[in-house]
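Coordinate inspection notes
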Amino acid sequence: MRLKRRMNTLICSVIYIVLTNCAVFLDDNFKLLFLVAVVAIGVNIFAGFMNSDIYSKRLKYCNHGTVCLNVFRISMTVSIVFHIVYLIYDFSDIGFSYFASLINSYVLLLILFWNGIISVYLTSAQLGVKYRVIGALLGMIPIFNLICLNKIITVCNDEIEFESEKIKLNESRKDLKICCTKYPILLVHGVFFRDYKFLNYWGRVPAELIANGAKIYYGNHSSALSVEQSAVEIEKRIEEILKETGCEKVNIIAHSKGGLDSRVVINSDIGKHVASLTTINTPHGGCEFADYLLNKASSEVKNNVSSAYNFAAKKLGDKEPDFISAVSDLTHSKCEEFNQKYGNPYGVYCQSVGSVLKGASSPRFPLNLTYLFVKHFDGNHDGLVSVKAFEFGEKFTMLEPKYKRGISHADIIDLNRENIPGFDIREFYVQLVADLKNRGF
């Protein structure tokens, strides 16, 4: 696919180089100038759309924009060099046709640039707000705008190739349904979030699992309650799923505090209806920085923060949010008590997953701000939870990519929908659920 895209760019570049520099030789032949305009329109319409290896409509338009920007970059460089050289070697004979060529070149390149930039801005998922804003701010600053343009092209190229390969992979194994487990998957979110229809807590993961045969359900529980209160809501949700599907059990995949909530569930009467529990970056050992904050903060500060959060959470759907109880149950001291009370009951397969960040510049806001603070109290961590607090159950998987970026507490649930170099978060979950299927769950 990469070769085809490069050939497409090369062909369009050669055509556009001719179009942007030929006016100097046309000697006021307006019929030929009209032909130049027609061919230029054709390039602007069809560039990048001929690649049959790109199956997604969104990616096709993104590829169109990327090819346009690549052609713009190449054609602009050649056009500048050409007009400078022509001016130097034939300065005495510079006339109307030369200035007409400059105008022709400028207009054609301007059209191509805006065609490309609008296309990628509207269709690229990986540019995010960051590169869109940077592009807008630096677009008029020489040198910096070229650096920014190169970055935008690189990000979009990587996205097109990565996402196209994922589509092909899922298509090739569609009939295998490798994620079609015996029991449905229940995804349990962490603290300070809810399950919303149009803003999925788990990013692109559920869609990827469904594409590979999984049956997905969500906890739909409150954003902030004590662990035991949250567990009651999850138990009710499991009863609803059992009634709806007719299944005997569910497989729980729980993130952060959701893992603690789910441990209470598997130790309750409803636990016999849980086949497996997979905790993702759950603070089984607690967070020491949470102890520090709760001990240091005055009662007034804690009450003000709690009241503000509880008020907002009620507006967003929580019935009786309890900020202080939710945070208190994540402290190291509380988790020590919790681990003595709740173990791993016989008959439920339990495993855990953790990840680590490798620097303050790796995660997005606000975890980039908490990095040094959490490291001071908890050592190596994912932005919020210590590496030493993750392990639970029969199997523990530690995710530590080769690259220096690392994987944050938010990355591990694809909250930012970001393609991380060296780590495919969606494929990780596909293989995790495929393993549950192979184990008979």
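Notes on the structure in this doc start here.

What counts, and at which threshold
Residues numbered from 1 in each chain as written. Predicted model: local features only at pLDDT ≥ 70, side-chain atom pairs only at ≥ 80, totals over all residues. Heavy atoms only, no water. Helix = DSSP H or I, 4+ residues; strand = E, 2+ residues; numbered from the N terminus. Contact = heavy atoms within 4.5 Å. Areas by Shrake-Rupley, 256 points an atom, 1.4 Å probe, with all protein chains shown as cover. Buried < 20%, exposed > 50% of the residue type's maximum accessible area, 1.4 Å probe, protein only. Pairing = 2+ DSSP bridges. Right-handed = clockwise from strand over helix to strand, strands pointing away. Axes fitted to C-alpha atoms, helices over the stretch in contact; angles between N-to-C directions. Nonpolar A, V, L, I, M, F, W, Y, C, P; charged D, E, K, R; others polar. Phe/Tyr/Trp six-rings, centres within 6.5 Å; stacked < 30°, edge-to-face > 60°. Polar contact = N/O pair within 3.5 Å; in protein donor to acceptor, adjacent residues only side chain to side chain. Parallel < 35°, antiparallel > 145°, perpendicular 65-115°, else oblique. Left-handed = near helix turned anticlockwise from the far one by under 90°.

Our focus in this paragraph is the overall build of the protein chain. When helices and strands are counted, the protein chain shows 15 helices and 6 strands. Taking the principal axes of the C-alpha coordinates as reference, the protein chain spans close to 90 × 55 × 40 Å. Across the protein chain, contacts joining residues at least 24 apart in sequence account for 79% of those joining residues at least 6 apart. For the protein chain, the exposed surface amounts to about 22100 Å²; the carbon and sulfur share of it is 63%.

Moving on to the pairing of strand 4 (residues 274-280). When you tally the buried positions in strand 4, you get 7 out of 7 residues, the bulk of the element. Bridge count for strand 3 (residues 250-255) against strand 4 is 6 bridges, and the pairing is parallel. Bridging across to strand 4, Asn 251 finds its partner in Ser 276. A crossover links strand 3 with its parallel partner strand 4, the connecting element being helix 9 (residues 257-266), and its sense is right-handed.

In spatial order, the strands read 2-1-3-4-5-6; together these 6 strands make up an open sheet with parallel pairing. Strands at the two margins of the open sheet, each flanked by one partner only, are strand 2 (216-218) and strand 6 (395-399). The average angle at which neighbouring strand axes cross in this sheet is 20°, direction not considered.

Quick look at the environment of Thr 9 now. When you line up the elements, Thr 9 lands in helix 1 (residues 2-21). Excluding residues within four positions of it along the chain, Thr 9 makes contact with Val 67, Asn 70, Val 71 and Ile 74.

Below, the discussion takes up the packing of helix 1 against helix 4 (residues 96-123). Viewed as axis vectors pointing N to C, helix 1 and helix 4 meet at an angle of 145°, and their least axial separation amounts to 7 Å. Here Tyr 16, Leu 19, Thr 20 and Asn 21 of helix 1 come into contact with helix 4, specifically with Ser 101, Asn 104, Ser 105, Leu 108, Leu 109 and Leu 112. Partitioned by chemical class, the residues of the contact of helix 1 with helix 4 number 5 nonpolar, 5 polar and no charged.

Our focus in this paragraph is the packing of aromatic side chains. As enumerated under the stated definition, the model contains 17 aromatic pairs in all. Pairing Tyr 201 with Trp 202 gives two aromatic rings, centres 5.6 Å apart and planes at 75°, and the pair type is edge-to-face. You can call Tyr 201 buried: its relative accessible area is 4%. With a centroid separation of 5.6 Å and 20° between ring planes, the pair formed by Tyr 349 and Phe 441 is classed as stacked. On the criterion of sequence distance, the pair formed by Tyr 349 in strand 5 (residues 349-355) and Phe 441 in the segment after helix 15 (425-438) is long-range, its members being 92 residues apart. Neither Tyr 349 nor Phe 441 differs from the other in exposure class; each is buried. What links up through ring pairs into an aromatic cluster is the set Phe 193, Tyr 201, Trp 202, Phe 423, Phe 428 and Tyr 429.

Time to look at helix 9. Of all 10 residues in helix 9, 10 are buried; the element is thus mostly enclosed. Inspection of helix 9 places Lys 257, Gly 258, Gly 259, Leu 260, Asp 261, Ser 262, Arg 263, Val 264, Val 265 and Ile 266 among the buried residues, and these make up the whole buried set.

Let's shift gears to the side chain of Lys 166. Relative to the assigned elements, Lys 166 resides in helix 6 (residues 144-172). By relative accessible area, which is 5% here, Lys 166 ends up buried. A distance of 3.4 Å separates polar atoms of two side chains, one belonging to Lys 166 and the other to Glu 208. Once residues lying within four places of it in the same chain are set aside, the contact partners of Lys 166 are Glu 208, Asp 424, Arg 426 and Glu 427.

Okay, the packing of helix 9 against helix 13 (residues 332-341) next. Orientation of helix 9 relative to helix 13, taken along the N-to-C sense of each, is 25°, at an axis distance of 11 Å. By the angle class used here, helix 9 and helix 13 are roughly parallel. Of the two possible hands of crossing, helix 9 and helix 13 adopt the one that is left-handed. Taking contact as the criterion, the partners of Leu 260, Arg 263 and Val 264 in helix 9 are, on helix 13, Cys 335, Phe 338 and Asn 339.

Right, let's get into unusual backbone geometry. Glycine aside, residues mostly have negative phi angles, and peptide bonds mostly take the trans form. The backbone of Asn 281 sits at a positive phi, close to 50°, despite the residue not being glycine. Following the sequence through the fold, Asn 281 ends up in the loop between strand 4 and helix 10 (288-296). Here Asp 414, not a glycine, exhibits a phi torsion of approximately 60°, which is positive. Secondary-structure assignment places Asp 414 in the loop between strand 6 and helix 15.

Time to look at the pairing of strand 1 (residues 185-188). The side-chain alternation of strand 1 yields two buried faces, one formed by Ile 185 and Leu 187 and the other by Leu 186 and Val 188. In this sheet, strand 2 lies alongside strand 1 in parallel orientation, the contact comprising 3 bridges. Within strand 2, the residue paired with Ile 185 across the bridge is Ile 216. Once the chain exits strand 1 it traverses helix 7 (residues 205-211) before rejoining the sheet at strand 2, and the crossover so formed is right-handed. Here 4 bridges tie strand 1 to strand 3, and the two strands are oriented parallel to one another.

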